[in-house]
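Structural characterization, general
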Amino acid sequence: MLRAMTAPVAHVLVVEDEAAIAETVLYALRSEGYAASHCLLGGEALQRLQDGGIDLLVLDVGLPDLGGFEVCRRLRALPGAVAQLPVIFLTARNDELDRVLGLELGADDYMTKPFSPRELVARVRARLRRVPAPVIATPGPAEDGGWRETGAFAIDREGRRIRFQGQPLELTRYEYALLDALLQRPGAILSRAQLMDRGWDSSADSADRTVDTHVKTLRAKLRAAGASDEPIRTHRGVGYALQV
Ligand code: CA
């Protein structure tokens, strides 16, 4: 699973029905050395994604055919490693943003329009740095090698998997990132900003809410996996800590 140092140029697919926005984004990506393709519609994008070779998806929420949420949902349900593709949503309104945060869509980041193309490219770069292996080369059920146990938890960072009391947890990228950060320092109180910093890039003003939202869903999944106690403790006004 080691990535060769001479990684090919990352390829970003931009799905956006407003030509002016798409052109600006494509230009910004290409001038930073990325390969970039464009789809106007969601259906077209899903086809393109299945053809392979895409490393990251920039996805407009308001598309005239399927809509970005539906595209993301269908992407996550695709067979194979493409389902894990990093997705950055472009949202036009607050209610769209609420849905990005509230639904379990597995988005990795979002930008609210109007946004700075430079900022978007910075987030694309940050996100691609976190992709652990070439998307196409990620095997399905990986070998059982890299598990590391901490209390009732076991984490396989290479395979980006976490088990609780022996049970695999089905985590979104956010939830995985949060739990990974907490597992790196069991017992330590991590502020929301610290958790945000480890997990994803986003504007600071929504950090608290985003972290809280995902801690909530993470707790529900731990309860479903049999946690009788609350493993993620809230330290009011400070942050969260993992009790193992
Ligand atoms: Ca649109």
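Right above here is the structure, for reference.
All of these numbers come straight from a predicted model, not from anything done at the bench.

Parameters and conventions
- Within any chain, residue numbers begin from 1 and follow the written order of that chain's sequence.
- Given that this is a predicted model, residues contribute local features only at a pLDDT of at least 70 and side-chain atom pairs are listed and counted only at 80 or more, while totals for whole chains, interfaces and linings are drawn from all residues.
- The basis for the side-chain values is all heavy atoms of the structure; hydrogens and waters are excluded.
- For Na, K and Ca the donor cut-off is 3.2 Å, and for all other metals it is 2.8 Å, counting N, O and S atoms only; because water is absent from this set, sites may look incomplete.
- Three labels apply to residues, based on accessible area from a 1.4 Å probe with only protein chains included: buried if under 20% of the type maximum, exposed if over 50%, partly exposed otherwise in between.
- Numbering of helices and strands runs from the N terminus; a helix is a DSSP stretch of H or I covering at least four residues, while a strand is a stretch of E covering at least two.
- Picture the helix axis, draw a direction to every C-beta atom, and the arc is the one those directions span.
- Contacts are assigned to residue pairs that have any heavy atoms within 4.5 Å of one another.
- Should a side-chain nitrogen of Lys or Arg be within 4 Å of a carboxyl oxygen of Asp or Glu, the pair is scored as a salt bridge.
- Grouping buried Ala, Val, Leu, Ile, Met, Phe, Trp, Tyr and Cys residues that are joined through side-chain atoms within 4.5 Å yields what is termed a nonpolar core.
- Within 3.5 Å is the distance limit for a polar contact, defined as a pair of N or O atoms, with the added protein rule that one can donate a hydrogen and the other accept it, and that residues adjacent in sequence qualify only through two side-chain atoms.
- Any two strands with at least two DSSP bridges between them are considered paired.
- For every element, the axis is a line fit to its C-alpha atoms; helices are fit only across the contacting stretch, and the angle between N-to-C directions ranges from 0 to 180 degrees.
- Angles are sorted into four bins: roughly parallel if under 35 degrees, roughly antiparallel if over 145, roughly perpendicular if 65 to 115, and oblique for all others.
- Each crossing is labelled by how the near helix is turned from the far one, with a counterclockwise turn of less than a right angle marking it left-handed and a clockwise turn marking it right-handed.
- Residue polarity follows a fixed list, in which Ala, Val, Leu, Ile, Met, Phe, Trp, Tyr, Cys and Pro are nonpolar, Asp, Glu, Lys and Arg are charged, and the others, Gly among them, are polar.

**A few points about the coordination of the calcium ion**
- Only Asp17 (OD), Asp60 (OD) and Gly62 (O) from the protein coordinate the calcium ion, and they sit 2.2 to 2.4 Å from it.
- Take Asp17: its relative accessible area is 28%, and that puts it in the partly exposed class.
- Given a relative accessible area of 36%, Gly62 falls into the partly exposed group.

**Considering helix H2 (residues 42–51)**
- Along H2, the residues classified as buried are Gly42, Ala45, Leu46 and Leu49. All buried residues of H2 fall inside an arc of 100 degrees around its axis, so they share one side.
- Those residues of H2 that are buried lie in contact with strand E1 (11–15), strand E2 (35–39), strand E3 (56–60) and helix H3 (68–76).

**Notes on the pattern of salt bridges**
- This model, assessed by the stated rule, comprises 14 salt bridges.
- Ionic pairing is found between Lys113 and Glu16, a salt bridge with its closest N-O pair at 3.0 Å. Of this pair, Lys113 sits in the loop between strand E5 (109–112) and helix H5 (117–130) while Glu16 sits in the loop between E1 and helix H1 (19–31), and the two are 97 residues apart along the sequence.
- Classification of Lys113 as buried rests on a relative accessible area of 15%.
- With a relative accessible area of 0%, Glu16 lands in the buried category.
- The salt bridge involving Arg73 is made with Glu70; its shortest N-O contact spans 3.2 Å.

**Quick word on the nonpolar core**
- Within the largest apolar cluster, 24 residues are counted, with the highest numbers of intra-cluster contacts made by Leu13, Val15, Leu49, Leu57, Leu59, Leu75 and Phe89.
- Of all the elements in the fold, those that place two or more residues in this core are E1, H2, E3, H3 and strand E4 (87–91).
- No other element matches H3, which puts 4 residues into this core.
- Core analysis: the second largest hydrophobic core is formed by 23 residues, Tyr176, Leu182, Val215 and Ala227 among them.

**Some remarks on the environment of Thr112**
- Here Thr112 lies in strand E5.
- For Thr112, a relative accessible area of 30% gives the class partly exposed.
- A C-alpha to C-alpha distance of 8.1 Å links Thr112 and Asn94, two positions 18 residues apart in sequence.
- The contacts of Thr112, once residues within four sequence positions are left out, are Thr91 and Leu97.

**Quick look at the side chain of Asp156**
- Looking at the element boundaries, Asp156 is found in strand E7 (residues 153–156).
- A distance of 2.6 Å separates a polar atom in the side chain of Asp156 from a polar atom in the side chain of Arg161.
- Not counting the four nearest positions on each side in its chain, Asp156 is found in contact with Gly146, Trp147, Arg161 and Tyr176.

**Section: the sheet that holds E2**
- The strand order across the open sheet built from 5 strands is E2-E1-E3-E4-E5, with neighbouring strands paired in parallel fashion. The open sheet has two free edges, formed respectively by E2 and E5, since each of these has just one partner strand. Between one strand and the next, the sheet's axes are offset by a mean angle of 20 degrees, whatever the strand orientation.
- In this sheet, E5 lies alongside E4 in parallel orientation, the contact comprising 4 bridges. Considered in E5, the bridge of Phe89 is made with Tyr110.

**Focus on the packing of H2 against H3**
- As a packed pair, H2 and H3 sit with axes 10 Å apart at the nearest point and diverge in direction by 25 degrees. The orientation of H2 with respect to H3, classified from their angle, is roughly parallel. For the pair H2 and H3, the sense of crossing is right-handed. Contacts from Gly42, Leu46 and Leu49 of H2 reach H3 at Val71, Arg74 and Leu75.
- Looking at the contact of H2 with H3 residue by residue, the class counts come to 4 nonpolar, 1 polar and 1 charged.

**Details of the pairing of strand E8 (residues 161–164)**
- Because side chains alternate across E8, one face comprises the buried residues Ile162 and Phe164, and the other comprises Arg161 and Arg163, none of which is buried.
- Summarising the sheet, E7 and E8 pair through 4 bridges and their orientation is antiparallel. Note that in E8 the partner of Ile155 across the bridge is Ile162.
- Bridge count between E8 and strand E9 (residues 167–168): 2 bridges; the pairing is antiparallel. Opposite Phe164, over in E9, you have Gln167 as the bridge partner.
- Linking two consecutive strands that pair antiparallel, namely E8 and E9, is a turn of 2 residues; a positive phi of about 50 degrees is found at Gln165 within it.

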